[in-house]
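Structure assessment
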Amino acid sequence: MAINPPSNRLWWKEPIHGIELGWIVIAFLWGLFMFFFMIAWHFIGNQNLSSETYRIRPEAYQEKVEAFAEEFQATDAAGEPLEEDGVPVVRPPVGGDAYILARLWEFWPILELKKGESYRIHISSADWQHGFSMQPTNINISVHPGYEHVITLTPTGSGDFGIVCNEFCGIGHHTMTGRIRVVE
Amino acid sequence: MTTVDHGAVPAAGADAQYRICRFSGLRIESNAERLIKVNAVAAVLFLALGGLMGLMVALTRWPAVQLLPAEWFYLVLTGHGANVLLFWIIFFEIAVLYFASAVILGCRLAAPRIAWLGFVLMVVGAVMANYAVLRGDSTVMFTSYPPMQASQWFYLSLIIFAVGALVSVMIFFATLVVAKAENTYDGSVPLVTFGAITAGIIAVFTLASGAIILIPTWLWSLGLISNIDTLMYKVVWWGMGHSSQQINVSAHVSIWYAIGAMVVGAKPLSEKVSRMAFFMYILFLQLASAHHILAEPGMSSTWKIVNTSYMMYLAVMGSMIHGLTVPGAIEAAQRRNGFTRGAFEWLRKAPWGNPAFAGMFLSLVMFGFIGGISGVVLGTEQLNVLMHNTIYVPGHFHGTVVAGTTLAFMAMTYLVVPLIFQRDILWPGLAKWQPFVFGIGAGGISLFMMGAGTLGVPRRHWDISLADAAHPFEFPAAAYLMMGLNGISALLAALGGVMFIVIVVGSILAGPRLDRAGAKLTFPLHDKSREAVSEYGSHGTLKLPGTLILVGIFFASFVLYYFVNWKYLSELWLFR
Ligand SMILES: [Cu+2]
């Protein structure tokens, strides 16, 4: 038993009608536009994620971050090293390198940046994958152990900014935070 | 059950038992019927379990309620993902594939014993995965990225499930071969079957990448492999993860066409265009998986742009074409049915009281407006930084997979119960409201999660008040409001889900029997339904003012939302 005989066997030879053809053209052009707009943003926009990345052993990265924190730890008026909740506050040199270490369950150390200056921010993890989510300026970047990701960042606002982990990393995931402070 | 004797059927299938469906005229073989039944029932049971878990997740993320303790929250969230995204959807898809091959082509199911083996493997895998998750040592979330490790049973269960699914997909292809060999149809396969073939082909790629990623992970969990590169893992993982969603898209688009055909007698405007749009999924969708890796270190911008955009936009174009041709086919059919006044009489007078139609149309609208547009925005290289891993991501995929796929599958169930189970829908009054209750709930979940994600709320997070965190931080009050509204929408969707399960289980067990002479369907099929679903050929484009207006609104929303997000992005700190 055959299914009903077709009304027109040669469906692939039928012309495409105007409405459908018009919509196909619009959809195609819009797709092309969106494609070129991403490329264009690399020239007209200031928000493009860097792909500068290095392979590194997590332990080696941890040592680099500790050396960095020790060298550039901020001091108060009395010359005492600054800390907050036991975490050092670090003032990296303007235009220079700054390091953030993600690990169960914190982002370490606290960075103090100057508004309008750029910094080469290095991000990697000591253990699991984590998510670097800066708030309330909503910047979200993945963090892998073994990969050192370098992003040149220029704060355009001042105040205290939170870093929240947004890649599930175990039972203490919701306690994993950090801080960046931007001063005028 | 009537057995129809067919002299023309060769010896291989001579013992096959057929009946003729009294409502659709389709010829249904008994093995195909049984396997559709068991797969559909398994699907609905996993939907019930996964849906319950989803409700608990939403009530925990409602800050004023915070139902579950943290350990349970992460465990239940892992189970929710596996049960609804894998088990509910894939069991149902297998039922759809069998329907689109054996039932629509009127042939026997190839190798029913092996089809049963596939089913049993899938059940074993699914049950075992739930056991592994509930034991508490496999709380790794749906995206189980190393170095975080689950128990070996978790990975093994997924492998078993995938093998079972692969076997079932092979039975689908074998059934197509049987239909061809036994000449049960003439010429090309109907569009619905063609869409199912697309889904089947994508499923094979996907399950193969699944095996490539899961087998080493399983060996790693057994201690046989010591190191897994986290970045490579993620790239391959998404080769499976995103493509698997394209199986859903192909399947639910086929269902849109099928329901349009069966309920209002719709035929595609142009076979060529609709088939080309399906074909674009096969060609271009595999690469779209890159859009999950946009915020990862180590991938160049060129790689990201080529993979997500150039190829993906051709796949997006496929969806945009269906976005015109599906409502266009319905408008054309309704105009033929006599609803010709004004731009929208065809839509106003559409069978909104029929849950199959209502569910299908709501699925079409919400998949396009919510899931589709947000998916493109999320998959744009730079814009991704705004919402990567925030709760915007689940907002997007609840728009595609819940408001889109799940709603379409529910709508299809209202046809599967009478046509395959031969039971009429119990409580039609309740059934009329079900797609709206579930659809509005699912749409709300998607929108409010997207809203909260734009405000920075992370996904998979137990406590956005960050009460125990080392460096607390306050999310804006609007974020709390959004999460509360998400919880309320989840209650509504859960109510719709319960209505669905009560109606389906009730109808299967106690619905009025339809295999008796004179029995009538509560929600009738269109008198041309059989021709429309099984006979191919284009309807041709009439004047379709209503569809043009709808598509115009869609396109304007798409463009506007796209640029609004670039505006947000331009206000962020500078980074390069
Ligand atoms: Cu973390």
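As shown above, the structure is provided for reference.
Just so you know, the residues in each chain are numbered from 1, in the order the chain's sequence is written. Chain letters and ligand numbers both follow the written order, the letters beginning at A and the numbers at 1. Predicted model: local features are reported for residues with pLDDT of at least 70 only, side-chain atom pairs are reported and counted for 80 or more only, and whole-chain, interface and lining totals are derived from all residues. Excluding hydrogens and water, the side-chain figures rest on all heavy atoms present in the structure.

Concerning the overall build of chain A
For the purposes of this entry, the term helix denotes a DSSP run of H or I that reaches at least four residues, the term strand denotes a run of E that reaches at least two, and both are numbered from the N terminus. Within chain A one finds two helices and twelve strands. Rg of the C-alpha trace for chain A: 25 Å, well past the compact-globule value of 16 Å for 184 residues, more than 25% over. Pairs at least 24 residues apart make up 58% of the contacts formed inside chain A by residues separated by at least 6 positions. Every accessible area reported is derived by Shrake-Rupley at a probe size of 1.4 Å, with residue values counting cover from the shown protein chains alone. When the accessible surface of chain A is summed, it comes to about 7,600 Å², and 58% of that surface belongs to carbon and sulfur atoms. Counted charges follow a simple rule, with Lys and Arg positive, Asp and Glu negative, and His plus the chain ends left uncounted. The location of each charge is read from NZ of Lys, CZ of Arg, CG of Asp or CD of Glu. Between the averaged position of the 12 positive side-chain charges in chain A and that of its 22 negative side-chain charges there is a distance of 10 Å. Just to be clear, the radius of gyration here is over C-alpha atoms, and the globule rule we use is 2.2 Å times residues to the power 0.38. Contacts are residue-level and defined by heavy atoms, with any inter-residue pair within 4.5 Å sufficient.

A few points about the coordination of the copper ion
Residues and elements named next belong to chain A. Surrounding the copper ion are the protein donor atoms His-130 (ND1), Cys-165 (SG), Cys-169 (SG) and Met-176 (SD), which sit 2.0 to 2.4 Å from the metal. Note that the copper ion binds four donor atoms; their angles at the metal cover 91 to 122°, and the shape is tetrahedral. Here a donor is any nitrogen, oxygen or sulfur atom (N, O, S) within 2.8 Å of the metal, with 3.2 Å used for Na, K and Ca; water is not among the atoms considered, so some sites may look incomplete. Look at where the donors of the copper ion fall in the sequence and you get H-x34-C-x3-C-x6-M. Pair noted here: His-130 is in strand β8 (residues 130-135) and Met-176 is in the loop between β11 (159-165) and β12 (177-183), with a separation of 46 residues, a long-range link. Summarising the burial analysis for this pair, His-130 and Met-176 share the class buried. The geometry test gives tetrahedral to four donors whose angles all lie between 85 and 135 degrees, gives square planar to four donors and octahedral to six donors whose opposite members are over 155 degrees apart with all other angles between 65 and 115, and gives irregular to the rest. Three labels apply to residues, based on accessible area from a 1.4 Å probe with only protein chains included: buried if under 20% of the type maximum, exposed if over 50%, partly exposed otherwise in between.

Structural notes on the packing of aromatic side chains
Aromatic contacts are taken between Phe, Tyr and Trp rings whose centres are within 6.5 Å, Trp giving its six-membered ring; a plane angle under 30 degrees counts as stacked, one over 60 as edge-to-face, and the others as tilted. Tallied over the full model, the rule gives 51 aromatic pairs over all chains. Geometrically, the ring pair formed by Trp-23 of chain A and Phe-555 of chain B is edge-to-face, given 5.9 Å between the ring centres and 85° between the ring planes. Of this pair, Trp-23 of chain A sits in helix α1 (residues 18-44) while Phe-555 of chain B sits in helix α16 (residues 545-570), which puts the two residues in different chains. Accessibility expressed as a relative area gives 6% for Trp-23 of chain A, which makes it buried. Geometrically, the ring pair formed by Tyr-257 of chain B and Phe-278 of chain B is tilted, given 6.1 Å between the ring centres and 50° between the ring planes. With Tyr-257 of chain B in helix α6 (residues 230-264) and Phe-278 of chain B in helix α7 (residues 271-284), this residue pair connects regions lying 21 residues apart in the sequence.

Quick word on helix α4 (residues 152-181) of chain B
To estimate the expected span of a helix, subtract one from its residue number and multiply by 1.5 Å. Here α4 of chain B spans 43 Å end to end across 30 residues, near enough to the 44 Å set by a 1.5 Å rise per residue. Downstream of α4 of chain B by one or two residues, Asn-183 of chain B has phi in the positive range, about 55°.

Quick word on the interface of chain B and chain A
Accessible area lost upon the coming together of the parts serves often as the stated size of an interface. Contacts between chain B and chain A engage 108 residues on the former and 86 residues on the latter. Salt bridges are identified by distance alone: a Lys or Arg side-chain nitrogen within 4 Å of an Asp or Glu carboxyl oxygen. Joining chain B to chain A, the criterion identifies two salt bridges. Close ionic contact of Arg-55 of chain A with Asp-229 of chain B constitutes a salt bridge, the shortest N to O distance being 3.3 Å. We call two N or O atoms a polar contact when they sit within 3.5 Å, provided that within protein one can donate a hydrogen and the other can accept it, with sequence-adjacent residues counted only if both atoms are side-chain atoms. Linking chain B with chain A are 37 residue pairs in polar contact (both at pLDDT 80 or more), by the criterion used here. Among the elements that take part in the side of chain B that touches chain A, helix α8 (residues 301-336) of chain B stands out by supplying 13 residues, more than any other. Broken down by class, the residue content of the side of chain B that touches chain A amounts to 57 nonpolar, 30 polar and 21 charged. Relative to strand β3 (residues 574-575) of chain B, strand β10 (residues 147-154) of chain A runs antiparallel, the two sharing two bridges. Considered in β3 of chain B, the bridge of Thr-154 of chain A is made with Leu-574 of chain B. Put simply, Ala, Val, Leu, Ile, Met, Phe, Trp, Tyr, Cys and Pro go in the nonpolar bin, Asp, Glu, Lys and Arg in the charged bin, and everything else, Gly too, in the polar bin. By the convention used here, strands pair only if DSSP detects at least 2 bridges between them.

Observations regarding unusual backbone geometry
Between Leu-104 of chain A and the following residue, Trp-105 of chain A, the backbone shows a cis peptide bond with an omega angle of -10°. Inspection of the secondary structure assignment puts Trp-105 of chain A in the loop between β4 (97-103) and β5 (106-108). The peptide bond linking Trp-108 of chain A to Pro-109 of chain A adopts the cis configuration, its omega dihedral lying at -10°. Positive phi, close to 50°, is recorded for Trp-427 of chain B, a residue that is not glycine. As for its position among the elements, Trp-427 of chain B is in the loop between α12 (392-421) and α13 (428-454). Residue classification places Trp-427 of chain B among the partly exposed residues on the basis of a relative accessible area of 44%.

A few points about the state of the cysteines
All names here are of chain B. In this description, a disulfide is simply a cysteine sulfur pair whose atoms lie within 2.5 Å. On inspection of all chains with the given rule, the structure shows zero disulfides over all chains. The thiol of Cys-107 is not disulfide-bonded; the next cysteine sulfur, from Cys-21, is found 16 Å away. Overall, the relative accessible area of 0% leaves Cys-107 in the buried class.

Some thoughts on the environment of Gln-135 of chain A
Structurally, Gln-135 of chain A is set in strand β8. For the pair Gln-135 of chain A and Gly-95 of chain A, spaced 40 residues apart in sequence, the C-alpha separation works out to 22 Å. What Gln-135 of chain A contacts, discounting residues up to four positions off in sequence, is Asn-140, Phe-161, Gly-162 and Val-164 of chain A together with Leu-455, Gly-456, Phe-473 and Phe-475 of chain B. One polar contact links Gln-135 of chain A to Ser-133 of chain A, side chain to side chain, over a distance of 2.9 Å.

Digging into the packing of helix α10 (residues 355-378) of chain B against α16 of chain B
Residues and elements named next belong to chain B. Running from N to C, α10 and α16 cross one another at 35°; their axes reach a closest spacing of 10 Å. The handedness of the crossing between α10 and α16 comes out as right-handed. Contact residues: Gly-368, Phe-369, Ile-373, Val-376 and Val-377 in α10; Ile-553, Phe-554, Ser-557, Phe-558, Tyr-561, Tyr-562 and Asn-565 in α16. Taken together, the residues of the contact of α10 with α16 sort by class into nine nonpolar, three polar and no charged. Axis definition: a line fitted to C-alpha atoms, over the contacting stretch in the case of helices. Angles run 0 to 180 degrees between N-to-C directions. Each helix crossing is assigned a hand: it is left-handed if the near helix lies turned anticlockwise from the far helix by less than a right angle, otherwise right-handed if that turn is clockwise.

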